[in-house]
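Results of the structural survey
One-letter residues, chain by chain:
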2 protein chains.
Amino acid sequence: MSYYELCNEVAEAIQKAVSGLIGKTEAGVTLRIGADGTPTEKIDETAENAALSVLEKDGRSMRFVSEELGEKTIGKKPEFTFVLDPIDGTFNAVNNIPFFCVPIAIGGSDLSDIRYGYVKNLVSGDIYTAEKGKGAFLNKRKIHVSNVSELSGLSVISYSQRPHAVPINNHKVRRVRVFGCAALELCYVASGIFDAFIDMRSMLRVTDIAASKLIVEEAGGVVTDGKGKPLSTELDVTKRVNMIASNGMVHDKLLELV
Amino acid sequence: MSYYELCNEVAEAIQKAVSGLIGKTEAGVTLRIGADGTPTEKIDETAENAALSVLEKDGRSMRFVSEELGEKTIGKKPEFTFVLDPIDGTFNAVNNIPFFCVPIAIGGSDLSDIRYGYVKNLVSGDIYTAEKGKGAFLNKRKIHVSNVSELSGLSVISYSQRPHAVPINNHKVRRVRVFGCAALELCYVASGIFDAFIDMRSMLRVTDIAASKLIVEEAGGVVTDGKGKPLSTELDVTKRVNMIASNGMVHDKLLELV
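If you're wondering where the values come from, they're calculated on a predicted model, not measured in any experiment.

Examining the state of the cysteines
Residue and element names in this part refer to chain B. For the structure shown, the criterion picks out zero disulfides over all chains. Just so you know, Cys 181 is unpaired, no disulfide at all, and the nearest cysteine sulfur is the one on Cys 101, 3.6 Å from it. Residue class for Cys 181 comes out buried when judged on its relative accessible area of 0%.

So this is what it looks like as structure tokens:
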């Protein structure tokens, strides 16, 4: 089974498992604090269990890194790390806001070593994929970042709580949006709908961004931390990172602002 | 025909007229600068024409206030003002981001005198309505604002470009989102998914907010300008307003922050 088929099977199992929970109060019941340090809600656990069940049947040995359980070795000699956020955008899913997805990355031991990225929008069914060195795709059609180069023309996703939010928001860019689903918002940068994504809260987990980081890069974009350095973080759900992703043309200007 | 039926007929005509344009590049082609001072895109004009056609057939005389054409008197002795944003969330609709709606208000000559509000989510089909003094409804079921009273627990929609964005975003509230569709975001406050909506950019038009203002108030919420005063603005698309809408319990705390 190819990486694409494996990811697809996991995403479909999750979609099926959570379909009865979307927009339901019970979906948002907190069961415990997950391995990533944030609450595990019923919909998260349901999704993760569905994924685990597919992976355990797959037959290959892998390291499974996921937001709620943290980490689990499947089989004896892991061939790769399978990095999953069972539902990215839990608040949206629980409240029937149509903006949540399943992001999956396949790689080694670090964010700098992702070889395959997959994000499925669970509302529209759109699938974004990227394989290292082979480009990025939306439903198997090649995608590319935008070519806007002026700050005043930018459409930006910005999770900004520090004073730098002021210059960014204060009419220096054209449009600021926050949909509450980082993996999908990054795919919007990859496909050119948005020009940049900024999150300087030190709150992003590797499970949120590993897949989309590769998708943005393979679509021609640039991804760094807030100082312009390449992201390099162990594939561990307790780690937190800052991130700026852009079409590349405005990356330096954004780094100056944050 | 009741106000509900009239609004429904207009919203359905718009939905049908724009269905082929969602997510299409041609939908976003700028035709001219509209009466509200912002660009009229093809999807906006298509939607407005569909609405006008329904209203001209209705038979009643009314003042039609709409974002692109500005104002038009239908018939000889207007019985009411019909306030429309043909598509709220044009950027989303053009880019296939599932967050856009048709807001309609029926009233006299001022924002303080709205007697009926109607908002149809064009993606899910959800319909929010309110009649002055008779409560607010989502798909005919009564809705009510949330009862969160602590700043630290708030889920807020915030269009904030001034320095006050910092205290609001800087961990003083739980969650900040910006979906780019004010009329629908305000309905989320009315139905209790979000606790407050803040827009202090002096960019909101009466067509964006007239319907939802009544829906929030009839759901038990409070709507004021940035100084805590009731909104009072002529139903004129060239006017711009600031707005804070909340569940009421946190209104004073938010006024202190902005």
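Still more ground to cover, so stick around.
Some points on the packing of aromatic side chains
Under the defined criterion, the tally for this structure stands at 23 aromatic pairs over all chains. Plain terms: the ring middles of Phe 179 of chain A and Phe 194 of chain A are 6.1 Å apart, the flat faces sit at 80° to each other, and that makes the pair edge-to-face. Taken together, the residues span a long stretch of sequence, with Phe 179 of chain A in the loop between strand E12 (175–177) and helix H5 (182–190) and Phe 194 of chain A in the loop between H5 and strand E13 (196–204) at a distance of 15 residues. Between Arg 175 of chain A and the ring centre of Phe 91 of chain B, over which it is positioned, the NZ or CZ distance is 3.8 Å.

Considering the confidence of the model for chain A
With 95% of its residues at a pLDDT of 70 or more, chain A shows a mean pLDDT of 94. Scored as a complex, the prediction yields pTM 0.95 and ipTM 0.92.

Describing the domain arrangement of chain A
Buried accessible area, meaning the area lost when the parts come together, often serves as the stated size of an interface. Residues and elements named next belong to chain A. Taken as a whole, chain A is organised into domain 1 (3–143) and domain 2 (151–257). In this structure, domain 1 and domain 2 have C-alpha centres spaced 20 Å apart. Between domain 1 and domain 2, roughly 2900 Å² of surface is buried when both sides are summed, and carbon and sulfur atoms account for 68% of that area. A per-residue breakdown of the area domain 1 buries against domain 2 is headed by Phe 99, Leu 111 and Tyr 128, which together make up 27% of the total. In this structure, Asp 36 and Arg 205 form a salt bridge, with 2.5 Å as the shortest nitrogen-oxygen distance.

What to know about the packing of helix H1 (residues 3–18) of chain B against helix H2 (residues 42–58) of chain B
All names here are of chain B. Where H1 contacts H2, the axes come no closer than 8 Å and their chain directions differ by 145°. In the packing of H1 onto H2, the handedness of the crossing is right-handed. Contacts between H1 and H2 involve Leu 6, Glu 9, Val 10, Ala 13, Ile 14, Ala 17 and Val 18 from the former and Ile 43, Thr 46, Ala 47, Ala 50, Ala 51, Val 54, Leu 55 and Asp 58 from the latter. Taken together, the residues that form the contact of H1 with H2 break down as twelve nonpolar, one polar and two charged.

Brief notes about the side chain of Glu 218 of chain B
Residue and element names in this part refer to chain B. Following the sequence through the fold, Glu 218 ends up in helix H6 (residues 206–218). Notably, Glu 218 is buried but unbridged: the nearest opposite-charge side chain belongs to Lys 132, and the N-O separation is 6.0 Å. In this structure the side chain of Glu 218 is engaged in a polar contact, spanning 2.6 Å, whose partner is the backbone nitrogen of Gly 133. Apart from the residues lying within four places of it in its own chain, the contact partners of Glu 218 are Ala 130, Glu 131, Lys 132, Gly 133, Lys 134, Gly 135 and Ala 136.

How each quantity is defined
Residues numbered from 1 in each chain as written. Chains lettered and ligands numbered in written order. Predicted model: local features only at pLDDT ≥ 70, side-chain atom pairs only at ≥ 80, totals over all residues. Heavy atoms only, no water. Disulfide = S-S within 2.5 Å. Buried < 20%, exposed > 50% of the residue type's maximum accessible area, 1.4 Å probe, protein only. Phe/Tyr/Trp six-rings, centres within 6.5 Å; stacked < 30°, edge-to-face > 60°. Helix = DSSP H or I, 4+ residues; strand = E, 2+ residues; numbered from the N terminus. Lys NZ or Arg CZ within 6 Å of the ring centre and 35° of its normal. pLDDT = per-residue confidence, 0-100. Domains from an automatic or database assignment. Buried area = accessible area lost by both parts, 1.4 Å probe. Salt bridge = Lys/Arg side-chain N within 4 Å of Asp/Glu carboxyl O. Axes fitted to C-alpha atoms, helices over the stretch in contact; angles between N-to-C directions. Left-handed = near helix turned anticlockwise from the far one by under 90°. Contact = heavy atoms within 4.5 Å. Nonpolar A, V, L, I, M, F, W, Y, C, P; charged D, E, K, R; others polar. Lys, Arg positive; Asp, Glu negative; His and termini not counted. Polar contact = N/O pair within 3.5 Å; in protein donor to acceptor, adjacent residues only side chain to side chain.

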